Amino acid sequence: MAIETVGIIGAGQMGSGIAQVAAVAGYRVQLFDISADRIEAGLATANGNLARSVASGKMTDDERHAAVALIKPAHAVEDLANCDLVIEAATEDETVKRKIFAQLCPILNPSALLATNTSSISITRLAAQTDRPERFIGIHFMNPVPAMKLVELVRGIATEDATFEEARAFVRTLDKTVTTAEDFPAFIVNRILLPMINEAIYTLYEGVGTVEAIDTAMKLGANHPMGPLQLADFIGLDTCLSIMQVLHDGLSDSKYRPCPLLVKYVEAGWLGRKAGRGFYDYRGEAPVPTR
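Just so we're clear, the structure is a prediction, and the values are computed from it rather than from any experiment.

Peer 1: Please clarify how the UniProt feature "binding site: NAD(+)" (unreviewed entry) in the chain should be interpreted in this entry.
Peer 2: According to UniProt, the feature "binding site: NAD(+)" (unreviewed entry) maps to Gly 10, Ala 11, Gly 12, Gln 13, Met 14, Gly 15, Asp 33, Glu 92, Lys 97, Ser 119, Asn 143 and Lys 274 in the numbering used here. Narrowing the list just given to those that line the second largest pocket leaves Gln 13 and Asn 143. Structurally, Met 14 can be placed in helix H1 (residues 13-24). Its place among the elements puts Asp 33 in the loop between strand S2 (28-32) and helix H2 (36-55). Since its relative accessible area comes to 10%, Asp 33 is described here as buried. If we skip the residues at most four places from it in the chain, Asp 33 touches Gly 10, Ala 11, Gly 12, Arg 38, Ile 39 and Ala 74. Here Ser 35 takes part through its backbone nitrogen, which lies 3.2 Å from a polar atom of the side chain of Asp 33.

Peer 1: Would you explain the UniProt feature "domain: 3-hydroxyacyl-CoA dehydrogenase NAD binding" (unreviewed entry) in the chain in this entry?
Peer 2: Look at the UniProt record and you will see "domain: 3-hydroxyacyl-CoA dehydrogenase NAD binding" (unreviewed entry) annotated at residues 5-183. Summarising residues 5-183: 40% helix, 22% strand, and an end-to-end C-alpha distance of 27 Å.

Peer 1: How should I be thinking about helix H7 (residues 189-205) in this particular structure?
Peer 2: An α-helical turn contains 3.6 residues, so any two residues separated by three or four positions project in the same direction. With 17 residues, H7 extends 24 Å between its outermost C-alpha atoms, agreeing within 8% with the 24 Å of an ideal straight helix rising 1.5 Å per residue. Inspection of H7 places Asn 190, Leu 194, Pro 195, Ile 197, Asn 198, Ala 200, Ile 201, Tyr 202 and Leu 204 among the buried residues, and these make up the whole buried set. Tucked into the core, H7 has its buried residues touching strand S6 (136-141), helix H8 (211-221), helix H9 (228-235), helix H10 (237-251) and helix H11 (260-267). Looking one or two residues past H7, Gly 207 carries a phi angle of roughly 80°, positive in sign.

Peer 1: Quick question: what am I supposed to make of the pairing of strand S1 (residues 5-9) here?
Peer 2: Regular strands have side chains that alternate between both faces of the sheet. The element S1 is extensively covered by neighbouring structure, given that 5 of its 5 residues are classed as buried. Residue alternation in S1 divides its side chains into two sets, Thr 5, Gly 7 and Ile 9 and Val 6 and Ile 8, and both sets are buried. Relative to S2, S1 is paired through 5 bridges, and the arrangement is parallel. Residue pairing in the sheet places Ile 9 in a bridge with Phe 32 of S2. In the sheet, S1 pairs with strand S4 (residues 85-88) via 4 bridges, with the strands oriented parallel. Residue pairing across strands places Val 6 opposite Leu 85, the latter belonging to S4.

So, how was this worked out
Residues numbered from 1 in each chain as written. Predicted model: local features only at pLDDT ≥ 70, side-chain atom pairs only at ≥ 80, totals over all residues. Heavy atoms only, no water. UniProt positions renumbered as here; feature names shortened; annotations may be inferred. 1 Å grid on protein atoms, 1.4 Å probe; cavity = no way out; pocket = protein on both sides within 12 Å on 5 of 7 lines; lining within 4 Å. Helix = DSSP H or I, 4+ residues; strand = E, 2+ residues; numbered from the N terminus. Buried < 20%, exposed > 50% of the residue type's maximum accessible area, 1.4 Å probe, protein only. Contact = heavy atoms within 4.5 Å. Polar contact = N/O pair within 3.5 Å; in protein donor to acceptor, adjacent residues only side chain to side chain. Expected span 1.5 Å × (residues − 1). Pairing = 2+ DSSP bridges.

Below, the structure written as structure tokens:
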């Protein structure tokens, strides 16, 4: 089946990024969110990113206008009815995702592909909540979507070969590299990355080093482009906690226990960059460590 129109559910950082790269590749995009303000913010984010691409010489202004024109706001889930592929990119909460699929499936074309951008939740379990487990797949983009070259494709137990091949062909048209992960908690990237971040938070919690010391140590001692605590703030501490909880619950291994300090920050609403505070305070001219 030829994919021409792509629906995106969730207009946050991930959803707007997926909408942007799909539009640049020439797909018609319907961007949906329960909040009209978030749709407008997502469209503005995509437009701003594309404007920076023009300024840096990566694309022409005509190409930017063409891409922006392909992204349309979807003000109701019914607006996604004619999409050939719908990618759910809502918050990392299984209950929320199930509700979305329950609303979407009855109105979606029976032949359409359905995908989730989940970073950790079982594809098999999510697929079982839909009317098309054979046409359901995990398409996990990395953050930030326009800059990161990797996409993890994750098959559920019922995912058909044709679905996998269509999804892989679609991802390749976005100029992304595909890696295939098995349907285990957190897949490949986050199975490795999040325990490292959690261990960095334990290192802070136990007083081994300060925020600045830990991030400097990993940037200069391990040649990481960003320190683990800075990266946690970028990802969102609520998302980090959610992934660690999925790992801990799904694998029943104490090494995945979320650090109590991570839990405390999330309870305080200090979720990282998006909230203005996390392991750094972003409300001033420059980020300042909060511990």
